[in-house]
Every structure is written in structure tokens, then in C-alpha cells.
Amino acid sequence: MTEVRYTGLGHRRSHPKSRLGCANCKRRRIKCDESKPKCNNCIKHSVICSFSSSSQPSSQSTAHLPGSSSTIRWEGCTPSEVPTISQNTFPWGPMTAELMHNYVTTTCATFSDNPILEIFMRVNVPRIGFANVHVLHMILGLSALHLAKFNPTQEQSYMDQADRHYQAGLQTACLLLPKLNEENCHSLYLFSNLCTSFALARGPVPGDFLLFSDNGPAEWKTLVRGSQPVFDSFGDLIMNGPVAPMIKSGVQGALLSIVPLPEVENEQLARLRELIETTSTSPDESQVLNKGLDELFRLYSSRHVTEGRKTQAQLRSIGIWLYRASNDFTGLLQKRHPAALVLFAFSCVALHGLSSNWAMGPWVPHILSAIHERLPLEYLPWIQWPLQQIGWIPPMDSLTFILRRREMQASSND
């Protein structure tokens, strides 16, 4: 009989893993047959397969933005293959109406705990979407993901809808990027931010852990950086345009004063300075890690209204911490630096406060499992406190992996 272990995340039948599958199959967490130039799953669902784009790197959609040396790239978008989409040909129907109704009545309220931003998501974002089809596709894609989470019998149908709207939104955005201007900068900036929400809501992908990945740059962090060139080029306009409430909410959250932490939390975070000192190989590396720890203090502070009174972490505060994780810090995570991994594990204590949110639930165990497996054995005691606060227990296969590492170390010492 197959052993079933309760993880608190529900049961799911296991399927053969495909490490070399296309991006769409990895995103949907299904087995890819790896057929080229297009896998059968992508052909079946009429979406662009990343295999076809990888075989034609010169055709990938890239845009050098005015006033910036940065480049935005959305993989899988080949402008020559993208059909022109307009509101006149948008596929309105019962399913589209259902997705829009769900968004304006429910989904829009789940991405912010700030009343002003909630109104912005419910009223302003759909208005922008009706005038900009790429934003409209992202709205419907997010709504489809939301419905998939709570309708097990129709999960695959809604996931297919989410993928189709996501792909259609990317295709349209790819056509606009080379023509970035004062008119479309607002919608493209909003679109980029909705993409990051989509990546969170879609859930973890094997080998990708928000801020670091086993396969190059982490997808979510790459999407976050995608909006920066747009803002660098037209920041003044965007700050005073239709998406200004979204930006100002984040600025206000970043400027909140730091509340003194309870003694236990303050001691646990303060002792991480010692870990940084003992693991840093250069002053620059130490500076990056200490800055990351300072941001961690701010994140923990957001969980306390006043000293001694605790509340759950705010979505806005979590987003600010993830957004402000510097390229240098994520670079250390990518290199599996012990102190960086420990700091990321401590951030999961705050992330855990959002586990009941439909978009965030699976991320904490996914991230902790990755950190636990990649952290050298001698540094595992450093993450015991966050693990205890969260109540996370390493899965048996992870414990087996650690025991095997210990056996290998013991044999090499002999």
C-alpha cells in the first residue's frame, strides 16, 4: 500500500517528474513529453511552447526601453507569431463574465489589506483593463487561478483558462514593449505588477523559491525587476497617473516607523549578526547581509502594532521585504550562502502569517524545504527557532537526505 503522509496541504497523486519539460508544463505542474519544437500539451491547449522560442533565440521579444540600459524579456513571446488582439475580438462569453464577476466581488479584495488599495484593485484596475486588453487578460487570469483553488472538480478547467489569459496578456504586452510611450507606460507598469501577483497565486514551481532558483534567476524576482525599466523611463508620469495609488501605498508602508520587538524576537534576530560575521568572506558581503538583516527587523516590526501587541504580517509589508531584497542578496542566496539562507528562513515566520491567504498558502513549506535541504549540516541549528515558530517538520525524505549526508561526512573523515 502506498504510504500517505499528511502535510496539511491536502493530498495529491504523484506523477512522474520531467526535469527538462517546457515552461508551460512546469507552470501547470504536469508531465511534459518534451516533444520539439512544441510539446503535445501546448499543442492541445493552443499556447506557445517555450521549446519553439528556445530554438529561435533571435526571435524572442525584447525591448530596450528609452532612457534605460535595462532590457525586459518575456520568454516564449515571438512577435511574428502573435496575433493582433483588440477589444472588438475579445472572447466575451459566460466564462469570461464569470471570471470578471469573481474578480470584482472577491479576488480584488484578497491582494491587499489596505482599504484604499482594495478600492483601487476593485474599481480602477478593471477600468484600466477595459481600455488595455493585456491588463484585462491578467485580471481574468488571476480570477481563474482564484476559482481553481476552491473548485477541485473544475480545477483543471480554471487552470487552463488562467494559462490562456496569461499567455494572451504576454503576447499583447510583447507587441507594446517596443513602442513604450507616455500613453501605454501606465498599463504596462500595472501589467508587470499583476504578473508578479499571478506568479505568486499560481503557486510554487519545482526548483524555484521566489528569491532563488535551481535553474538560473528566480522567476518571481525576475518579474519584479521587469517593471523597473518602465518606471525608470516614465516614473514621474506613473507616479501621477492612474496607477499612483498602488505605488503610494507601497511607499507609505516602506516609511512606517519600526516598532520595538518583543525580547525573544529581538534576541533571535540580533544573534544573526554573529552568523554574518563568521560566514562573510569580505566587507561587501557583510554589508549586503547586514542590510538584509535590517530589512528583516523592519518586516518583523510590521507584525506589531505597538510593543507587546502582535498582529499578522501585512501583505504590503511582505511585498516590500521581497521587493527590497537586493540583487546582491539574492545573488548570495543563489550561491547558497549559509547566512543568506538563514535570513530567508527567518522571513518565513512572517510569511507564515499569510498562509491562510489563497495565493500564499503553499509557499512557506516549499521555501523551508529548499532551505533545509541546501543548508550545510553545521548551520541547521540556526533555523530551529523559525521552524518551531511555524511548526514545520521536515518531510521524511528530507531527513533521509540529511542522514545520508552525515554518513558521507563520517566516512570521509575516517
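Looking at an unreviewed UniProt entry, one finds the chain named Zn(2)-C6 fungal-type domain-containing protein and attributed to Pleomassaria siparia CBS 279.74.

J.: Help me understand the nonpolar core in this model?
T.: The nonpolar side chains of a soluble globular protein tend to be buried, and buried together. Membership of the largest hydrophobic core comes to 103 residues, with the highest contact counts inside it found for Val243, Leu272, Leu296 and Phe344. In terms of residues, this core owes the most to one element, helix 17 (residues 338-352), which gives 12 residues. Not counting the four nearest positions on each side in its chain, Leu272 is found in contact with Leu293, Leu296, Val342, Leu343, Phe346 and Trp382. Cys22, Cys32, Cys39 and Cys42 belong to the second-largest nonpolar core, a separate cluster that totals six residues.

J.: Would you take a moment to explain the environment of Thr278 for this structure?
T.: Inspection of the secondary structure puts Thr278 in helix 13 (residues 272-279). Under the relative-accessibility criterion, Thr278 is labelled exposed at 59%. Sequence-wise, Thr278 and Ala339 are 61 residues apart; in three dimensions their C-alpha atoms are separated by 9.1 Å. Among the polar contacts made by the side chain of Thr278, one reaches the main-chain carbonyl oxygen of Leu275 at a distance of 3.0 Å.

J.: Could you clarify how one ought to interpret the packing of aromatic side chains in this entry?
T.: The relation between two aromatic rings is expressed through the spacing of the ring centres and the mutual angle of the planes. Scanning all chains against the criterion turns up seven aromatic pairs. Plain terms: the ring middles of Phe209 and Phe212 are 5.1 Å apart, the flat faces sit at 35° to each other, and that makes the pair tilted. You'll find Phe209 and Phe212 in the same group, each marked buried. Ring plane angle 70° and centroid distance 6.2 Å describe the contact between Phe212 and Phe344, whose orientation is recorded as edge-to-face. With a gap of 132 residues between them, Phe212 in the loop between helix 8 (185-202) and helix 9 (219-226) and Phe344 in helix 17 connect regions that are remote in the sequence. Accessibility classification places Phe212 together with Phe344 in one group, the buried group. The rings of Phe209, Phe212 and Phe344 are connected pair by pair, giving a single aromatic cluster.

Cut-offs used in this document
- Residues numbered from 1 in each chain as written.
- Predicted model: local features only at pLDDT ≥ 70, side-chain atom pairs only at ≥ 80, totals over all residues.
- Heavy atoms only, no water.
- Core = buried A, V, L, I, M, F, W, Y, C linked by side-chain atoms within 4.5 Å.
- Buried < 20%, exposed > 50% of the residue type's maximum accessible area, 1.4 Å probe, protein only.
- Helix = DSSP H or I, 4+ residues; strand = E, 2+ residues; numbered from the N terminus.
- Contact = heavy atoms within 4.5 Å.
- Polar contact = N/O pair within 3.5 Å; in protein donor to acceptor, adjacent residues only side chain to side chain.
- Phe/Tyr/Trp six-rings, centres within 6.5 Å; stacked < 30°, edge-to-face > 60°.

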